[in-house]
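Structural characterization, general
Chain by chain, the residues run as shown.
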Amino acid sequence: IIPKLGGIKVNEVTTEDIQRLINDLVEQGYSYSQIQKVYNTIGQRYRLAIQQQRATFNPTVGVHLPRQLKEKENNTVTALTKDEAKLLIKRAREKYENGTPIYPRGDLIVLLLQTGMRVGEALALQWSDINLEEKYISITKNLVTVKNEDKTKINPQTKKPFATTTIIQDTPKTSHSNRKIPIGDSAIQTLKNIKVYNGKFDYVYANSKGKPTEYRTLERMFKLMLKNAGIKNKYSLHSLRHTYASLLFAQGVSDRYISEVLGHSSLAITHKVYIHIINDLKTKE
């Protein structure tokens with residue numbers, strides 16, 4: 001928001017300015033939910049400014065969000081089957097004949113499957129957030145990748161400014177996202193596996209330099225694991241979260257508990273996202 005609107009006085013920002021910002025985000029490939037956050041943030045600030053008599057109108061009124069992206073996202077809830085999840089875990093833990101893991105950080109993918117964390121929450125996770133004795137993970141932070149506006153940050157390989165940069169947010173996606181996720185013995189074992197090679201770093205999802213692993217790096221490993229496991233369906237890292245939820249639904253876990261563990265802002269959100277899974281289960285009953 002700041003690079004586009006930061007230099008304009010509050011009362012001089014127009015609906016057209018915000019619409020151009022939204023359109024630019026669409027062209028840059030941002031998701032509907034990300035674009036909606038920008039829209040909501042601007043709208044909230046203007047409502048406050050009007051209350052404080054610092055602005056006379058809200059320029060977000062009349063701005064059109066890309067509904068086609070919303071419809072696309074609402075139709076992309078994909079989850080691995082139970083058998084596919086087992087195949088993925090088996091592949092993640094396979095080793096060469098000399099005992100060296102084929103995927104040194106394969107358990108990072110498994111942990112997403114076993115906890116239902118958002119990817120950003122996992123990438124920001126630190127060992128201090130984990131309580132193995134009481135068996136829970138505290139979600140208090142979120143990692144987001146944004147366009148790099150600091151042109152002084154040069155990529156040593158390309159000799160050009162980095163295209164993106166990562167930011168650790170002190171708060172997760174919403175107030176409900178700040179939560180504790182119960183973990184079972186399988187997830188605890190996965191964490192112990194990860195600690196063998198990442199225990200010396202603060203971040204659970206640390207790269208070899210101790211910095212948070214980038215989303216694209218994790219995604220590349222996930223895609224390779226799917227391919228080598230013979231799983232042909234197209235899944236994203238977010239599918240692991242959906243798989244976690246789907247397995248809980250299949251086990252008869254209550255909707256409210258699932259909603260709380262996933263960190264949804266309301267039970268209605270959980271029902272909206274997983275309505276197809278819920279209806280399928282009711283049909284089978």
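Nothing here was measured: the structure is a model prediction, and the numbers come from that model.

A closer look at the nonpolar core
- Ranked by internal contacts, the top residues of the largest apolar core, which has 51 residues, are Ile109, Leu112, Met117, Tyr205, Leu218 and Leu240.
- Among the elements that take part in this core, helix H6 (residues 106–115) stands out by supplying 6 residues, more than any other.
- Among residues more than four places away in sequence, those in contact with Ile109 are Leu88, Leu218, Met221, Phe222, Met225, Leu237 and Leu240.
- Of all hydrophobic cores here, the second largest spans 15 residues; its members include Tyr32, Ile35, Ile42 and Ala49.

So, the pairing of strand E5 (residues 179–182)
- With burial as the criterion, only one face of E5 is covered, namely that bearing Arg179 and Ile181; the residues Lys180 and Pro182 on the opposite face remain uncovered.
- Where strand E2 (residues 136–139) meets E5, 4 bridges bridge the pair, whose relative direction is antiparallel. Residue pairing in the sheet places Tyr136 in a bridge with Pro182 of E5.

Here we look at the packing of aromatic side chains
- Tallying each qualifying case throughout the model produces 1 aromatic pair.
- Aromatic side chains Phe249 and Tyr274 sit 5.7 Å apart centroid to centroid with 50° between the ring planes, which places their arrangement in the tilted category. Here the residue Phe249 occupies a position in helix H10 (residues 238–250), and Tyr274 occupies one in the loop between helix H12 (267–273) and helix H13 (275–284), the gap between them amounting to 25 residues.
- A residue is classified by how much of its surface remains accessible, and Phe249, at 8% relative accessible area, is buried.
- Here Lys180 stacks its cationic end above the ring of Tyr136, 4.4 Å away from the centre of that ring.

Here we look at the side chain of Ser138
- By the element assignment, Ser138 lies in strand E2.
- Since its relative accessible area comes to 17%, Ser138 is described here as buried.
- Leave out the neighbours within four places in its chain, and Ser138 touches Leu125, Asp129, Arg179 and Lys180.

Thresholds, definitions, all that
- Per chain, the residues get numbers from 1 upward, laid out in the order the sequence is written.
- Where local features are concerned, this predicted model is filtered to residues with pLDDT of at least 70; where side-chain atom pairs are given and counted, the filter is 80 or more; whole-chain, interface and lining totals use all residues.
- Where side-chain values are given, they derive from all heavy atoms of the structure, hydrogens and water being excluded.
- In these notes, a set of buried Ala, Val, Leu, Ile, Met, Phe, Trp, Tyr and Cys residues joined through side-chain atoms within 4.5 Å is what counts as a nonpolar core.
- For every residue, the accessible area (1.4 Å probe, protein chains only) is compared with the maximum for its type, and the residue is labelled buried under 20%, exposed over 50%, or partly exposed between those bounds.
- The secondary structure listing takes helices from DSSP runs of H or I that are at least 4 residues long and strands from runs of E that are at least 2 residues long, numbered from the N terminus.
- What makes two residues a contact is simply this: any of their non-hydrogen atoms within 4.5 Å.
- Pairing between strands is defined by DSSP: at least two bridges between them are needed.
- Ring pairs shown here join Phe, Tyr and Trp side chains whose ring centres sit within 6.5 Å, with only the six-membered ring taken for Trp; geometry is labelled stacked below 30 degrees between planes, edge-to-face above 60, and tilted in between.
- Either the NZ atom of lysine or the CZ atom of arginine qualifies as a charge over a ring when it sits within 6 Å of the ring centre and within 35 degrees of the ring normal.

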